[in-house]
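Summary of structural features
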Amino acid sequence: MSIFSSQFCVAIFATPELLGFNMISLLLTEKNHLKVWNLRFDRKLYLANFVIKFYLRKYKKNEKQRKNKEELAKILTKGRAKFPNNKNLEIHELNSTLDNSDIQASIDKFATAFKNDPTNASIAFNLGVLYDKIQNIEKTKEFYGKAIELKPDYGDAYYNLGVMYFNAGVAKNKEMNSIDDAKDKDGKIYDRLKSERDALFKQALPNLEKAHEIDPKNPDYKQNLKKVYASMNMLDKAKALGE
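Keep in mind that what you see is a predicted model, and the values were worked out from it rather than measured.

The next thing to look at is the overall build of the protein chain. Within the protein chain, the secondary structure is distributed over 11 helices and 3 strands. Helices (α) and strands (β) of the protein chain occur, in sequence order from the N terminus, as β-β-β-α-α-α-α-α-α-α-α-α-α-α. Taking the contacts inside the protein chain whose residues are at least 6 apart along the sequence as the reference set, 50% of them involve residues at least 24 apart.

On to the confidence of the model for the protein chain, then. Averaged over every residue, the pLDDT of the protein chain is 76; the share at 70 or more is 64%. In this model residues 1–48 is a low-confidence stretch, pLDDT under 50, and it forms 112 contacts with partners more than four residues away in sequence or in other chains.

Right, let's talk about the side chain of His212 for a bit. As for its position among the elements, His212 is in helix 9 (residues 188–214). Ignoring sequence-local partners within four residues, the contact set of His212 consists of Tyr221, Lys222, Leu225 and Leu241.

On to helix 5 (residues 103–116). Across its 14 residues, helix 5 extends 20 Å between first and last C-alpha, which sits within 8% of the 20 Å expected from 1.5 Å per residue. For helix 5, the set of buried residues is Ile103, Ser106, Ile107, Phe110, Ala113 and Phe114. Seen end-on, helix 5 carries its buried residues on one side only, within an arc spanning 130°. Turned more than 90 degrees off the buried face of helix 5, the exposed positions are Lys115 and Asn116.

Turning our eyes to something else, we now look at the packing of aromatic side chains. Going through the model one piece at a time under the given rule, you end up with 6 aromatic pairs. On the numbers, 5.6 Å between centres and 45° between planes, the contact of Phe125 with Tyr144 is tilted. Remark: Tyr144 occurs in helix 7 (residues 137–150) and Phe125 occurs in helix 6 (residues 121–133); sequence separation between them is 19 residues. Comparing Phe125 with Tyr144, the two get one shared label, buried. Members of the aromatic cluster, connected to one another through ring pairs, are Phe114, Tyr131 and Phe143. Positioned above the aromatic ring of Tyr154, the side-chain terminus of Lys151 is 4.8 Å from the ring centre.

One non-glycine residue with positive phi stands out, namely Gln135, at about 60°. Its identity is not glycine, yet Asn233 carries a phi of approximately 60°, on the positive side. If you trace the backbone, Asn233 turns up in the loop between helix 10 (219–231) and helix 11 (235–240). By relative accessible area, which is 60% here, Asn233 ends up exposed.

Moving on, we get to the packing of helix 8 (residues 155–177) against helix 9. Interhelical geometry of helix 8 versus helix 9 gives an angle of 160° and a closest axis separation of 7 Å. The orientation of helix 8 relative to helix 9 falls into the category roughly antiparallel. Of the two elements, helix 8 crosses helix 9, and the hand of that crossing is left-handed. Here the residues of the contact of helix 8 with helix 9 are counted per class, giving 17 nonpolar, 6 polar and 6 charged.

One finds Phe110 and Leu127 to be the most contacted residues of the largest nonpolar core, which totals 39 residues. Among the elements of the structure, helix 5, helix 6, helix 7, helix 8, helix 9 and helix 10 are those that each provide at least two residues to this core. With residues near it in sequence (within four places) discarded, Phe110 still touches Leu94, Asn95, Thr97, Leu98, Ile123, Asn126, Leu127 and Leu130.

As a further point, take the packing of helix 9 against helix 10. At their nearest, the axes of helix 9 and helix 10 sit 9 Å apart, and the two run at 150° to each other. Taken together, helix 9 and helix 10 sit at an angle that is classed as roughly antiparallel. Between helix 9 and helix 10 lies a crossing whose hand is left-handed. On helix 10, the residues touching Phe201, Ala204, Leu205, Leu208, Glu209, Ala211 and His212 of helix 9 are Tyr221, Lys222, Asn224, Leu225, Val228, Tyr229 and Ser231. Along the lines of polarity and charge, the residues of the contact of helix 9 with helix 10 split into 9 nonpolar, 3 polar and 2 charged.

Inspection of the entire model under this criterion finds 8 salt bridges. Here Lys139 and Glu142 are joined by a salt bridge, their closest N and O atoms 3.5 Å apart. Taken together, the residues span about one helical turn, with Lys139 and Glu142 both in helix 7 at a distance of 3 residues. Residue class for Glu142 comes out partly exposed when judged on its relative accessible area of 33%. Close ionic contact of Glu196 with Arg192 constitutes a salt bridge, the shortest N to O distance being 3.4 Å. With Glu196 and Arg192 both in helix 9, this residue pair falls 4 residues apart, about one helical turn. Taking the relative accessible area as the measure of exposure, Glu196 reaches 27% and is therefore partly exposed. Through salt bridges with shared partners, one network takes in Lys172, Arg192 and Glu196.

Conventions and cut-offs
- Residues numbered from 1 in each chain as written.
- Predicted model: local features only at pLDDT ≥ 70, side-chain atom pairs only at ≥ 80, totals over all residues.
- Heavy atoms only, no water.
- Helix = DSSP H or I, 4+ residues; strand = E, 2+ residues; numbered from the N terminus.
- Contact = heavy atoms within 4.5 Å.
- pLDDT = per-residue confidence, 0-100.
- Expected span 1.5 Å × (residues − 1).
- Buried < 20%, exposed > 50% of the residue type's maximum accessible area, 1.4 Å probe, protein only.
- Arc of directions from axis to C-beta.
- Phe/Tyr/Trp six-rings, centres within 6.5 Å; stacked < 30°, edge-to-face > 60°.
- Lys NZ or Arg CZ within 6 Å of the ring centre and 35° of its normal.
- Axes fitted to C-alpha atoms, helices over the stretch in contact; angles between N-to-C directions.
- Parallel < 35°, antiparallel > 145°, perpendicular 65-115°, else oblique.
- Left-handed = near helix turned anticlockwise from the far one by under 90°.
- Nonpolar A, V, L, I, M, F, W, Y, C, P; charged D, E, K, R; others polar.
- Core = buried A, V, L, I, M, F, W, Y, C linked by side-chain atoms within 4.5 Å.
- Salt bridge = Lys/Arg side-chain N within 4 Å of Asp/Glu carboxyl O.

Listed below in structure tokens is the structure:
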């Protein structure tokens with residue numbers, strides 16, 4: 001059951017820069033359905049950041065509710081048309097594309113945004129995420145690297161970079177285990193793959209160590225660092241991290 005006992009509308013008032021414009025309403029029902037629509041247009045579209053944040057957070061993982069992103073996209077499009085220079089709306093629009101099936105279209109939008117705002121570490125980071133999805137390792141490294149240059153304490157950028165190298169090393173390990181001994185009688189293929197795997201683990205290590213250094217309480221940072229230590233037979237360091 002919803003935290004609200006009956007259906008009702010809530011008018012959300014604007015952020016300071018949008019005060020004085022029209023409004024968007026939320027309809028929250030006991031079934032937790034969300035609909036966003038325009039009450040009316042007089043002069044300019046009122047677009048509240050809180051509404052968008054609430055919408056994305058509450059319904060991101062619910063497939064049925066994700067369909068309502070189409071409504072959100074329409075509102076974002078109208079808002080961007082009314083306020084083309086509004087940074088908050090631009091960020092919301094960009095973030096709404098991260099889960100798109102057309103990854104290249106998302107990359108193009110983020111690339112344009114980064115060209116217009118080359119000191120924005122978050123945009124660089126998200127470009128790294130998108131390139132990682134299509135397994136473009138060089139571009140992934142480039143944009144995680146840019147994010148770190150712009151924000152040296154960007155723990156998630158170090159972490160993602162480390163995980164990328166670690167996962168590549170794990171893939172090499174699977175190749176090693178699937179080698180046909182009859183085709184590798186002298187063990188040269190195995191040795192080559194092992195060398196490549198170990199090099200990837202070595203590249204993962206400093207990035208995951210840095211992420212853990214930045215935020216030692218982050219459980220994901222710690223657990224993945226432990227995996228790398230264990231994979232590199234650095235058992236004492238893995239044990240020192242605790243559970």
